[in-house]
Amino acid sequence: MDGLYDREILKVDASLRNHGFRLWTFIALNPGNENIRVAKTVEDKIFSVLSLWYFGSRKIQINAPNDTAIQSSRKLLNFFAAERSTAQWPGCKKAYDNLYAGFNINGLYGRDHDTLSADDKKELVRSRFAAVLAAGIPKLSNESLSEKISSDISEPTLDSES
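Rules used throughout
Residues numbered from 1 in each chain as written. Predicted model: local features only at pLDDT ≥ 70, side-chain atom pairs only at ≥ 80, totals over all residues. Heavy atoms only, no water. Phe/Tyr/Trp six-rings, centres within 6.5 Å; stacked < 30°, edge-to-face > 60°. Buried < 20%, exposed > 50% of the residue type's maximum accessible area, 1.4 Å probe, protein only. Helix = DSSP H or I, 4+ residues; strand = E, 2+ residues; numbered from the N terminus. Salt bridge = Lys/Arg side-chain N within 4 Å of Asp/Glu carboxyl O. Contact = heavy atoms within 4.5 Å. Core = buried A, V, L, I, M, F, W, Y, C linked by side-chain atoms within 4.5 Å. Axes fitted to C-alpha atoms, helices over the stretch in contact; angles between N-to-C directions. Parallel < 35°, antiparallel > 145°, perpendicular 65-115°, else oblique. Polar contact = N/O pair within 3.5 Å; in protein donor to acceptor, adjacent residues only side chain to side chain.

Draft legend 1. Here's a closer look at the packing of aromatic side chains. Enumeration according to the criterion identifies 9 aromatic pairs in this entry. An angle of 65 degrees between the planes, with centres 5.3 Å apart, marks the rings of Phe 79 and Phe 80 as edge-to-face. Accessibility expressed as a relative area gives 4% for Phe 79, which makes it buried. Pairing Phe 103 with Phe 129 gives two aromatic rings, centres 5.3 Å apart and planes at 70 degrees, and the pair type is edge-to-face. One end of the pair, Phe 103, is in helix α4 (residues 92-103); the other, Phe 129, is in helix α6 (residues 118-135), with 26 residues separating them in the sequence. Of the residues examined, Phe 129 reaches a relative accessible area of 2% and is grouped as buried.

Below is the structure:
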């Protein structure tokens, strides 16, 4: 937590590199007016993002000595989305689902939301989710936009990295 504080990630107005919305938009801020929302669902989303940042940091630390390090936020998202990851990381799938649902809204898609395909919407959500995850994990926060776009964007499978 100290590292997040030092990098000013915990500030409500923290920016998110290469994204039109602030880091906390869709988690704790309304996308339209950027006012802070106060509700149980917001508390759950804040807890979910903090949990995934912790789980992700620990997963990277644990895998590093075994040379099985996860190299991108998208691969880490795939891991946490897989049901089998909950055995080692209780609550990660629930946190993933909670945040995914928070990002999967018309406010993220923009005014043309009704013309976007389901795949385009899914890509916007995964791009946003990957950027938010990377912002809170020091080993991933230096990812460039091109690395994120070219990294594995497949749906989670049972063969996801462990």
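After that view, the rundown keeps rolling.
Draft legend 2. Spatial organisation of the pattern of salt bridges. Scanning the entire structure with this criterion turns up 5 salt bridges. Here Glu 34 makes a salt bridge to Arg 22, at a shortest N to O gap of 2.7 Å. With Glu 34 in the loop between α1 (2-6) and α2 (40-63) and Arg 22 in the loop between α1 and α2, the pair connects residues that are 12 residues apart, well separated along the chain.

Draft legend 3. Structural context of the environment of Met 1. The residue Met 1 is located in the segment before α1 in this model. Sequence spacing of Met 1 and Trp 53 is 52 residues, and the spatial spacing of their C-alpha atoms is 9.7 Å. If we skip the residues at most four places from it in the chain, Met 1 touches Leu 10 and Leu 50.

Draft legend 4. Spatial organisation of the environment of Tyr 100. Within the element layout of this structure, Tyr 100 appears in helix α4. Along the backbone, Tyr 100 and Val 125 are 25 residues apart, and their C-alpha atoms lie at a distance of 7.1 Å. When near neighbours in sequence (up to four residues on either side) are disregarded, Tyr 100 contacts Lys 122, Val 125, Arg 126 and Phe 129.

Draft legend 5. Local environment of unusual backbone geometry. The backbone of Glu 8 sits at a positive phi, close to 60 degrees, despite the residue not being glycine. On the secondary structure map, Glu 8 appears in the loop between α1 and α2. Despite not being glycine, Glu 34 has its phi angle at roughly 55 degrees, a positive value. Look at Glu 34 and you get partly exposed, because its relative accessible area is 31%.

Draft legend 6. Focus on the side chain of Lys 93. Secondary-structure assignment places Lys 93 in helix α4. Here Lys 93 is in contact with Phe 80, Ala 81, Ala 82, Glu 83 and Thr 86, once residues within four sequence places are set aside.

Draft legend 7. Broad picture of the nonpolar core. In terms of nonpolar packing, the biggest core is built from 38 residues, with Leu 23, Leu 52, Trp 53 and Phe 103 touching the most fellow members. Put simply, the parts of the chain that give this core at least two residues each are α2, α3 (73-81), α4, α5 (106-109) and α6. Residue contributions to this core peak at 8 residues, all from α6. Ignoring any residue separated from it by four or fewer positions in sequence, one finds Phe 103 in contact with Thr 25, Phe 26, Ile 27, Leu 108, Val 125, Arg 128, Phe 129 and Val 132.

Draft legend 8. The packing of α3 against α6, seen in detail. At a minimum axis distance of 9 Å, the contact between α3 and α6 shows a crossing angle of 100 degrees. The pairing of α3 with α6 is recorded here as roughly perpendicular in orientation. Where α3 approaches α6, its residues Ser 73, Arg 74, Leu 76, Leu 77 and Asn 78 are matched on the opposing element by Glu 123, Arg 126, Ser 127, Phe 129, Ala 130, Leu 133 and Ala 134.

Draft legend 9. Region of interest: the side chain of Ser 48. Here Ser 48 lies in helix α2. A distance of 2.9 Å separates the side chain of Ser 48 from the side chain of Asn 98, its partner in a polar contact.

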